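Spelled out from the first residue to the last, the chains are:
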Amino acid sequence: MRLRLLSGLVGLCLLAGPGWAADTSPPGASSCTGCHSSTKIADSVIPRIAGRKREDIVKFMVEYRSGAWPSSVMGRIAKGFDDQQTKAIAAWFAAQPE
């Protein structure tokens, strides 16, 4: 019952798509912010994703998920999201200030 309720809530949130408020991240976005800083860090090898184009973020996540872009961490993270979740997360990050 609890899982069905959670699935339903996640589904409703995903239907909202890019309509996420700038201060309310979609489920799963917090797994990105652990490494991808919201502020600019000089000499960081991990790029900021806030303010990037939604299409670019989706493309990169799909490529990591498929293994087209080899990685030690991102491939495993990307495999945890389906296409709808990836699009919702990408839309939210794209709406964030650069």
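Data block above holds the structure.
Throughout this description, residue numbers start from 1 for each chain and increase along the sequence as written. The predicted origin of the model limits local features to residues at a pLDDT of at least 70 and limits the giving and counting of side-chain atom pairs to 80 or more, whereas totals for whole chains, interfaces and linings rest on all residues. The side-chain quantities take in all heavy atoms of the structure and omit both hydrogens and water.

*Asks:* Now, about the overall build of the protein: what can you tell me, with residues and values included?
*Replies:* For the protein, the count of helices and strands is five helices and zero strands. The rule is simple: take the accessible area with a 1.4 Å probe, protein chains only, and divide by the maximum for that residue type; under 20% is buried, over 50% is exposed, in between is partly exposed. Counting over 98 residues, the protein shows a buried share of 29%. Sequence-distant contacts in the protein: of pairs separated by 6 or more residues, those separated by 24 or more amount to 62%. In these tables, accessible area is a Shrake-Rupley quantity obtained with a 1.4 Å probe, and a residue counts as shielded only by the protein chains included in the view. When the accessible surface of the protein is summed, it comes to about 6,700 Å², and 59% of that surface belongs to carbon and sulfur atoms. Numbered from the N terminus, helices here are DSSP runs of H or I no shorter than four residues, and strands are runs of E no shorter than two. Note on definitions: a residue-residue contact is assigned when non-hydrogen atoms from the two residues lie within 4.5 Å.

*Asks:* Describe the environment of Lys53, listing the residues and the values that go with them.
*Replies:* Residue position: Lys53 is located in the loop between helix 2 (30–33) and helix 3 (54–66). Since its relative accessible area comes to 57%, Lys53 is described here as exposed. Placed 40 residues apart in sequence, Lys53 and Phe93 show a C-alpha to C-alpha distance of 8.5 Å.

*Asks:* With reference to specific residues and values, describe helix 5 (residues 83–95).
*Replies:* What a helix should span is 1.5 Å times the count of its residues minus one. Counted at 1.5 Å a residue, the expected span for helix 5 with its 13 residues is 18 Å, and the 18 Å between its end C-alpha atoms agrees. Turning to helix 5, its buried residues are Thr86, Ala88, Ile89, Ala90, Ala91, Trp92 and Phe93. The distance from a side-chain oxygen at the start of helix 5 to the backbone nitrogen of Gln84 is 3.1 Å, and the residue carrying that oxygen is Asp82. Two N or O atoms count as a polar contact when they lie within 3.5 Å, although within protein this holds only if one can serve as hydrogen donor and the other as acceptor, and sequence-adjacent residues are included solely when both atoms are side-chain atoms.

*Asks:* Let's hear about the packing of aromatic side chains: which residues, and what values?
*Replies:* Only Phe, Tyr and Trp rings are paired, with Trp represented by its six-membered ring, and only when their centres lie within 6.5 Å; those with planes under 30 degrees apart are stacked, over 60 edge-to-face, the remainder tilted. Enumeration according to the criterion identifies three aromatic pairs in this entry. Their ring planes at 85° and their centres at 5.3 Å tell us that Tyr64 and Trp69 sit as a pair that is edge-to-face. These aromatic residues form a ring-pair network of at least three members: Phe60, Tyr64 and Trp69.

*Asks:* An account of the nonpolar core is requested, with residue identities and associated values reported.
*Replies:* Working definition of a nonpolar core: buried Ala, Val, Leu, Ile, Met, Phe, Trp, Tyr and Cys residues. They are joined through side-chain atoms within 4.5 Å. Grouped together as the largest cluster of nonpolar side chains are 14 residues, with contacts concentrated most on Ala29, Cys32, Ile57, Met61, Ile89 and Phe93. Among the secondary structure elements, those contributing two or more residues to this core are helix 3, helix 4 (74–78) and helix 5. With residues up to four places along the chain from it excluded, the contact list for Ala29 reads Ile89, Trp92 and Phe93.

*Asks:* Could you give an account of the packing of helix 3 against helix 5, naming the residues involved and the relevant values?
*Replies:* Two elements in contact, helix 3 and helix 5, have axes separated by 8 Å at closest approach and are oriented at 140°. Viewed along their axes, helix 3 and helix 5 adopt a mutual orientation that is oblique. Where helix 3 crosses over helix 5, the handedness of that crossing is right-handed. Note on element contacts: helix 5 touches helix 3 through Asp83, Thr86, Lys87, Ala90, Ala91, Phe93 and Ala94, opposite Arg54, Ile57, Val58, Met61, Val62 and Arg65. A breakdown of the residues in the contact of helix 3 with helix 5 according to their chemical character gives eight nonpolar, one polar and four charged. All axes here are fitted lines through C-alpha atoms, helices being fitted over the stretch that makes contact, and every angle between N-to-C directions spans 0 to 180 degrees. Angles below 35 degrees are treated as roughly parallel, those above 145 as roughly antiparallel, those between 65 and 115 as roughly perpendicular, and all remaining angles as oblique. For any helix crossing, the convention is left-handed if the near helix is rotated counterclockwise from the far helix by under a right angle, and right-handed if that rotation is clockwise. Polar here means any residue other than Ala, Val, Leu, Ile, Met, Phe, Trp, Tyr, Cys and Pro, which are nonpolar, and Asp, Glu, Lys and Arg, which are charged; Gly is therefore polar.

*Asks:* Describe helix 3, listing the residues and the values that go with them.
*Replies:* The end-to-end C-alpha distance of helix 3 is 18 Å, a good match for the 18 Å that 13 residues give at a rise of 1.5 Å each. For helix 3, the complete set of buried residues consists of Ile57, Val58, Met61, Glu63 and Tyr64. Where helix 3 is buried, its residues touch helix 4 and helix 5. Positioned one or two residues after helix 3, Gly67 has a phi angle of 90°, which is positive.

None of the figures reported here should be taken as evidence of function without further support.
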